[in-house]
Amino acid sequence: MEARRLALAAFAALALPCAARAEAVPAAISRQFDTAAESGPRALLDDLARVLAANPSLVATPGAAAALARAAASPVPDFVGANLPVYREIEARIVSAAPAPVRDAVRRAVDRELSGYAATDIRIMPPLPAMGPANLRRQPPEIGPAGYKVGDYTIYPSIQAGTFYDDNIYATRTGRVADAVGTISPVIAIQSNWKRNALYAEVGADLTGYWTHGNENTADWHAQVEGRIDVNAKTRVVLGGIVLHEHEDRSSPDAVEGLTPTPYTEMNAYAGVIRRVGTFSIRTGAAVERLTFGNVEGLHGEINNQDRDRNRYTFGILARDDARPGFRPYAELLGDLRRYDTVPDDFQYFRNSDGFRAGVGALFRLLPSLSGDAFVGVMHRDYADSRFKTITTPAGSADLRWQAGEDTALTLFIDRSIEETTLPGSPAYIYTLVGGRIEHAITDDLTGIVRAAFARSDFAQSTRWDNEADMSVGLRYRLMSRVFLGVDYRYTQRISSDSIFNFRRNQVYLELTEEF
């Protein structure tokens, strides 16, 4: 907790001196964007074009252009579908409307502004993953004017390469082992440029090589496709699928003592319908997730992970009142069924379960520079194994974004969930995550970034609990219009009621990113 207080104090020290310099567009234009966004991404972009034509002064300076980008970007996280293309189109329209003498400066200011949104948009770059962030940290995608238009599509290739030093690659309390690591992450994405409907697809890989501990090398990859069908002005259908092959980080509470990291594959397919009824937006949807884990060799033979293979089925409905763009309350009910392939598991527990999450929340924009989403409710799980007690506990999440000044943006987040575990005798753990991120533009091309997060895992029907703190500080420098250099220092520590799970880790990163 002390680390979290220090991080928040650092946020305040950096942000407050800049608050007076923040620029904002007229409130009427912000409301106009909120209203247009209710009809989908195309309506928002068309409205932005009309605003630019009627108010050229809104892009006359870099600060004014960044404020306009902020106002247009605020409604985007509400879209169900590919958000990154919308951010890119917002930048392209604003930059093309800027006066030629300041166009480059406007591009840098708008890119910095929208990259901040991409960095905190849960569909693009989620907060720290549950317990133990992976060694390889991909930077959020650059918004940038990159891309190649081919007919009705735009192609976005990019690559990120780097190296880092890790002084505790196995995340152990004692016997710490250090190594240097090289990484490379190529990604190619394609988006449609249609006036109606939308399509976004992406494939990428994360390749990691250790200098002296080759057993830790990994080759992860992912592929995704998302589509939106604009049935009419009041109805949209969203379809999508994601396939990824990754590895379990050594710091995961479920990590086994394998000679190599545990690989797993996740397949997720989803569909939803968004329907406007008067001032209300009604959303119904369902998703199917498939998780499979690979076996690994241990010191005493093969370690079986297949008893963790499972399917997850979710379905739900959300109703939101959009009568007031600045405050849009909603109610949500989500069902969640989890089914394991192997019943019972290797420890003779029946881990199938049924559950739900229900509650209320709101999307809000309290000020032009202050927006967010907050949810409170209850979550509940019943387990097939009679030895496992029912879990009923408060649920909640929040994301808050504050543009503290022209050069400074602060984001705070909190999330609470019920996560699966392999711990014998425990059905699950209650996972609570709080954290934040601040970005401060030191110069037009140099940005400072401070991140901090604190996680608490409480294992049901067990005396075990884990506290984990994750803090980092870094610099990101634009070498050329589409080339970025990043330097980061990261500190991670876990303190557990079972001291065998304690660890601390120092990592130093050097990364180079190019958007072609």
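Rules behind the numbers
- Residues numbered from 1 in each chain as written.
- Predicted model: local features only at pLDDT ≥ 70, side-chain atom pairs only at ≥ 80, totals over all residues.
- Heavy atoms only, no water.
- Core = buried A, V, L, I, M, F, W, Y, C linked by side-chain atoms within 4.5 Å.
- Buried < 20%, exposed > 50% of the residue type's maximum accessible area, 1.4 Å probe, protein only.
- Contact = heavy atoms within 4.5 Å.
- Phe/Tyr/Trp six-rings, centres within 6.5 Å; stacked < 30°, edge-to-face > 60°.
- Helix = DSSP H or I, 4+ residues; strand = E, 2+ residues; numbered from the N terminus.
- Lys NZ or Arg CZ within 6 Å of the ring centre and 35° of its normal.
- Pairing = 2+ DSSP bridges.
- pLDDT = per-residue confidence, 0-100.
- Expected span 1.5 Å × (residues − 1).
- Salt bridge = Lys/Arg side-chain N within 4 Å of Asp/Glu carboxyl O.

## As for the nonpolar core
Then, in step 1: Phe33, Leu68, Ile90 and Ile94 are the most contacted members of the largest nonpolar core, which totals 28 residues.
Then, in step 2: With sequence-adjacent residues up to four places away left out, Ile90 is seen in contact with Leu45, Leu48, Ala69, Ala72, Ala73, Val76 and Leu114.
Then, in step 3: Residues Leu318, Met379, Phe388 and Ile391 belong to the second largest nonpolar core, which totals 13 residues.

## Concerning the packing of aromatic side chains
Then, in step 1: Within this structure, the stated rule accounts for eight aromatic pairs.
Then, in step 2: When the centroid spacing of 5.8 Å and the interplanar angle of 75° are considered together, the rings of Tyr153 and Trp194 count as edge-to-face. In this pair, Tyr153 is assigned in strand β2 (residues 153–166) and Trp194 in the loop between β3 (179–192) and β4 (198–210), connecting sequence segments 41 residues apart.
Then, in step 3: A centroid spacing of 5.0 Å and a plane angle of 40° characterise the contact between Tyr429 and Phe459, whose relative ring orientation is tilted. One end of the pair, Tyr429, is in strand β17 (residues 428–441); the other, Phe459, is in strand β18 (residues 446–459), and 30 residues separate them in sequence.
Then, in step 4: Given the relative accessible area of 4%, Tyr429 is considered buried.
Then, in step 5: Classification of Phe459 by relative accessible area gives buried; the value is 4%.
Then, in step 6: Cluster of aromatic residues (ring-pair linked, three or more members): Tyr349, Tyr383 and Phe388.
Then, in step 7: The side chain of Arg308 reaches across the aromatic face of Phe293, ending 4.0 Å from its centre.
Then, in step 8: Cation over ring: Arg464 sits above Phe501, and NZ or CZ is 3.6 Å from the ring centre.

## Considerations on the pairing of strand β7 (residues 263–277)
Then, in step 1: Looking at chain direction, strand β6 (residues 235–247) and β7 are connected through 13 bridges and run antiparallel. Each bridged residue has a counterpart across the sheet, and for Val237 the counterpart in β7 is Val273.
Then, in step 2: Counting the residues that bridge the hairpin from β7 to strand β8 (residues 280–293) gives two residues, and of these Gly278 lies at a positive phi of roughly 65°.

## Observations concerning unusual backbone geometry
Then, in step 1: A cis amide bond links Val343 to the next residue, Pro344, at an omega of 0°.
Then, in step 2: Mapped onto the elements of the fold, Pro344 is located in the loop between β12 (327–340) and β13 (353–367).
Then, in step 3: The backbone of Gln348 sits at a positive phi, close to 70°, despite the residue not being glycine.
Then, in step 4: You will see that Gln461, though not glycine, has its phi angle at about 55°, which is positive.

## Side note on the environment of Leu423
Then, in step 1: Within the secondary structure layout, Leu423 lies in the loop between β16 (408–420) and β17.
Then, in step 2: Between the alpha carbons of Leu423 and Phe347 there is a distance of 9.1 Å; along the sequence they are 76 residues apart.
Then, in step 3: Excluding residues within four positions of it along the chain, Leu423 makes contact with Arg351, Phe459, Ser462 and Arg464.

## Here we look at the confidence of the model for the protein chain
Then, in step 1: With 88% of its residues at a pLDDT of 70 or more, the protein chain has an overall mean of 84.
Then, in step 2: The low-confidence segment residues 1–22 (pLDDT under 50) makes 34 contacts with residues lying over four places distant or belonging to another chain.

## Here we look at helix α4 (residues 62–73)
Then, in step 1: For α4, built from 12 residues, the straight-helix expectation of 16 Å at 1.5 Å per residue is met to within 8% by its first-to-last C-alpha distance of 16 Å.
Then, in step 2: Taking burial as the measure, the 12 residues of α4 include 11 buried ones, the bulk of the element.
Then, in step 3: Among the residues of α4, those classed as buried are Gly63, Ala64, Ala65, Ala66, Ala67, Leu68, Ala69, Arg70, Ala71, Ala72 and Ala73.

## Focus on the side chain of Asp47
Then, in step 1: Structurally, the position occupied by Asp47 is in helix α3 (residues 41–54).
Then, in step 2: Asp47 gets classed as buried once you look at its relative accessible area, which sits at 7%.
Then, in step 3: Non-local contacts of Asp47, meaning those with residues more than four positions away in its chain, are made with Gln32, Phe33 and Ala36.

## Looking at the environment of Phe459
Then, in step 1: Spatially, the C-alpha atom of Phe459 lies 9.8 Å from that of Ile418, the residues being 41 residues apart in sequence.
Then, in step 2: Residues within four places of Phe459 in sequence aside, it is in contact with Pro253, Thr421, Leu423, Ser426, Ala428, Tyr429, Arg464, Trp465 and Asp466.

## Examining the pattern of salt bridges
Then, in step 1: With the rule as written, the count across this model stands at 31 salt bridges.
Then, in step 2: A salt bridge links Arg494 to Glu468; its shortest N-O distance comes to 3.9 Å. Remark: Glu468 occurs in strand β19 (residues 465–480) and Arg494 occurs in strand β20 (residues 483–496); sequence separation between them is 26 residues. The residues Arg494 and Glu468 share a single accessibility class, namely buried.
Then, in step 3: Within this structure, Arg312, Asp336, Arg338, Arg381 and Glu420 form a network of salt bridges that share partners.

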